[in-house]
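# Chain and residue survey
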Amino acid sequence: MRQSTIQLCIMLVTIFLAGSLLVACTQTGATLNQAQRELPFDVLVADPVPDDWVLMESHFEDDLFIMIFESEEEEGQVEIVQDKNIQGLDLQHLREYVLGLDHTIAPDDQDDEIIEFDDFVGEISLVDGEELTVQLTFVKQDDLTTATSFDIPIYQIVGKNVTAETVLQFAASLTSSQATT
């Protein structure tokens, strides 16, 4: 009798955890759909999500959308941040770089490296702090070269306690997504 009670408890805990995960996924999906409908720019998603990484949560408020990924194999975390108000990216310098006018790195950005991938261009850097942080801040090349102002969406991938390779894997998986109804 005691063994069947233990098995019943294990089954109930398993059902509870599966239900909690389903609720979290549903809420995350609803947040993504809301961001896709309301943001005045394309929402980027990791598709496919790099191996062993799972979308754990997402947050949408005003013009800011954040997706947070975690991995069972790595102790770190990856955040994909989408906002028109991200600071710290020299858009004029990037524009000149893309147009072939300037292929140097500004003297105050010696730790940053300009990279181009798919339809994007940005800077990747290591951020000093308590934990290793790799930050890739980027824009769509078309937005950079065709916009009449620099009021364009800026995207960022922030990897905490992960390698630059992991951040670049997320960057390579990005695609524009549309809201589902």
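Residues numbered from 1 in each chain as written. Predicted model: local features only at pLDDT ≥ 70, side-chain atom pairs only at ≥ 80, totals over all residues. Heavy atoms only, no water.

## Structural notes on unusual backbone geometry
Formally: Helical segments are the DSSP runs of H or I of at least four residues, strand segments are the runs of E of at least two, and each set is numbered from the N terminus. Categorising residues by exposure relies on relative accessible area from a 1.4 Å probe, with only protein chains included: less than 20% of the type maximum marks a residue as buried, more than 50% marks it as exposed, and the intermediate range marks it as partly exposed.
At the junction of aspartate 47 and proline 48, the peptide bond is cis and its omega measures out at 5° in the coordinates. Tracing the chain through its elements places proline 48 in the loop between β1 (43-46) and β2 (53-61). In the Ramachandran plot, aspartate 62 falls in the positive-phi region, its phi being about 55° despite a non-glycine side chain. Tracing the backbone shows aspartate 62 in the loop between β2 and β3 (64-71). Located in the positive-phi region is asparagine 161, a residue other than glycine, with phi close to 60°. You can see asparagine 161 is positioned in the loop between β8 (154-160) and α4 (164-172). Taking relative accessible area as the criterion, asparagine 161 reaches 40% and is therefore assigned partly exposed.

## Thoughts on the packing of aromatic side chains
Put simply, the test is: Only the six-membered ring of Trp is used, alongside the rings of Phe and Tyr, when aromatic pairs are assigned; centres must lie within 6.5 Å, and planes under 30 degrees apart are stacked while those over 60 apart are edge-to-face, with the rest tilted.
Per the counting criterion, the structure on display carries nine aromatic pairs. Between tryptophan 53 and phenylalanine 170 the ring centres are 5.5 Å apart and the planes differ by 85°, which places this aromatic pair in the edge-to-face class. Separated by 117 residues along the polypeptide, tryptophan 53 in strand β2 and phenylalanine 170 in helix α4 bring together distant segments of the chain. Residue class for phenylalanine 170 comes out buried when judged on its relative accessible area of 0%. Taken together, the ring pairs connect Phe41, Phe117, Phe120, Phe138 and Tyr155 into an aromatic cluster.

None of the figures reported here should be taken as evidence of function without further support.
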